[in-house]
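Architecture at a glance
Next come the chains, spelled out residue by residue.
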Amino acid sequence: MQKYGQHFLINDGVITQIVDAALLLRAENLVEIGPGKGALTVRLIARGCRNFTVVEIDPEMTAWLKTHLPQEAGVNVIRQNFLSFELASLPAVPTAFVSNLPYIDAADILDKVLAWPHFFSAVFMFQKEQAQRIRAHAGEDFYGPLSVFSQLRAHISPICKVGRGCFNPPPKVESAVLAFERLKEPVFSSEKDWNKFKKAVLAAFAHKRKTAFNSLLLSGYAKESVSAALERLNLPLTVRAEQIPPEAYVKLVYFLGI
């Protein structure tokens, strides 16, 4: 079982808080990612959830879920890595996600979920430090691209902290649960525009010891365009990437004309 790096959640209080948050933000459709032995799944069923989907990579866990979950709950158990799972195969309706995320893929899974047009809400557990990165504000130690990309696509709320002893086997780090609610209006209307924005933000953060101005120049952006964009934002040429708030990045990319 451990070849997939599972740490099974066993703390009843934490399970309750995750399920409570998921039900508060429930949508027409529900997807659980990496259910493992079904700690959250069973509780969701007990709280009235029916006809939802779980995506599990581990064949042993998939077999366990198919034989132990009540058939009347109508849970669709899919054996697959969520990162290769086609979200387009789901109903095109507002969808809520819930998961004790695998730490190694957590950022990629979050990005995939937030990018899906039918994402409505999510309740996810992360490594504590990663949760801090997601919620960090400009100027704070953990602020970076993950902060920008997450905060521009969802309203993010803390649910609870999770100690190592809440799992079997215990992980080496502490965890935290966050809730995500889709923003009413997307920052960019097309995937193409979002990808251009993402490229520019990653470029600004690419060189930690350099200013955002120099980092963008090193990534191929025109000197005149970058300096003019920063001036329009009343930002000095000495500003660093970690000092620029998410909303300012949106304007920066707009002023760059890309």
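Below, the structure is looked at part by part. Remember, predicted model here, so these are calculated numbers, not experimental data. (Residues numbered from 1 in each chain as written. Predicted model: local features only at pLDDT ≥ 70, side-chain atom pairs only at ≥ 80, totals over all residues. Heavy atoms only, no water.)

**A closer look at the packing of aromatic side chains**
Per the stated rule, a full pass over the model turns up 14 aromatic pairs. A centroid spacing of 6.2 Å and a plane angle of 80° characterise the contact between Phe97 and Trp116, whose relative ring orientation is edge-to-face. Linking Phe97 in strand E5 (residues 95-100) with Trp116 in the loop between helix H4 (106-115) and strand E6 (119-127), this pair joins segments that are 19 residues apart in sequence. Of the residues examined, Phe97 reaches a relative accessible area of 1% and is grouped as buried. Classification of Trp116 as buried rests on a relative accessible area of 9%. Centre to centre, the rings of Phe124 and Phe180 are 6.2 Å apart; their planes meet at 55°, and the pair counts as tilted. With Phe124 in strand E6 and Phe180 in strand E9 (residues 175-182), this pair connects stretches of sequence that are 56 residues apart. A residue is classified by how much of its surface remains accessible, and Phe124, at 0% relative accessible area, is buried. Residue classification places Phe180 among the buried residues on the basis of a relative accessible area of 0%. Members of the aromatic cluster, joined through ring pairs, are Phe82, Phe85, Phe97 and Trp116. (Phe/Tyr/Trp six-rings, centres within 6.5 Å; stacked < 30°, edge-to-face > 60°. Helix = DSSP H or I, 4+ residues; strand = E, 2+ residues; numbered from the N terminus. Buried < 20%, exposed > 50% of the residue type's maximum accessible area, 1.4 Å probe, protein only.)

**Some details on the environment of His137**
Within the secondary structure layout, His137 lies in the loop between helix H5 (128-135) and helix H6 (145-151). C-alpha of His137 to C-alpha of Ser147: the two residues are 10 residues apart in sequence and 7.4 Å apart in space. The residues touching His137, leaving out its near neighbours within four places in the chain, are Tyr143 and Gln151. (Contact = heavy atoms within 4.5 Å.)

**Digging into the side chain of Lys112**
When you line up the elements, Lys112 lands in helix H4. As a buried residue without a salt bridge, Lys112 has its nearest oppositely charged side chain in Glu86, at a separation of 6.6 Å. There is a polar contact of 3.1 Å between the side chain of Lys112 and the backbone oxygen of Leu83. (Lys, Arg positive; Asp, Glu negative; His and termini not counted. Salt bridge = Lys/Arg side-chain N within 4 Å of Asp/Glu carboxyl O. Polar contact = N/O pair within 3.5 Å; in protein donor to acceptor, adjacent residues only side chain to side chain.)

**As for the packing of helix H7 (residues 191-204) against helix H10 (residues 246-256)**
Closest axis-to-axis distance for the H7/H10 pair is 10 Å, and the angle between their directions is 110°. By the criterion of interaxial angle, the relationship of H7 to H10 is roughly perpendicular. Listed contacts from H10 to Phe197, Ala200, Val201 and Ala204 of H7 are Tyr249, Val250 and Val253. Along the lines of polarity and charge, the residues of the contact of H7 with H10 split into seven nonpolar, no polar and no charged. (Axes fitted to C-alpha atoms, helices over the stretch in contact; angles between N-to-C directions. Parallel < 35°, antiparallel > 145°, perpendicular 65-115°, else oblique. Nonpolar A, V, L, I, M, F, W, Y, C, P; charged D, E, K, R; others polar.)

**Let's talk about the nonpolar core**
Core analysis: the biggest nonpolar cluster contains 31 residues, and Leu9, Ile18 and Val123 have the highest contact counts within it. Of all elements in the fold, only helix H1 (12-24), helix H2 (39-46), E5, E6, strand E7 (154-162) and E9 reach the threshold of two or more residues within this core. Ranked by size, the runner-up nonpolar core spans 30 residues in total, among them Phe197, Phe205, Leu233 and Val253. (Core = buried A, V, L, I, M, F, W, Y, C linked by side-chain atoms within 4.5 Å.)

**Here we look at the pairing of E9**
E9 sits mainly inside the fold: six of its eight residues count as buried. Here E6 pairs with E9 via seven bridges, running antiparallel. Paired with Phe124 across the bridge in E9 is Leu178. Both E7 and E9 contribute to a ladder of eight bridges, which runs antiparallel. Bridging across to E9, Ala154 finds its partner in Arg182. (Pairing = 2+ DSSP bridges.)

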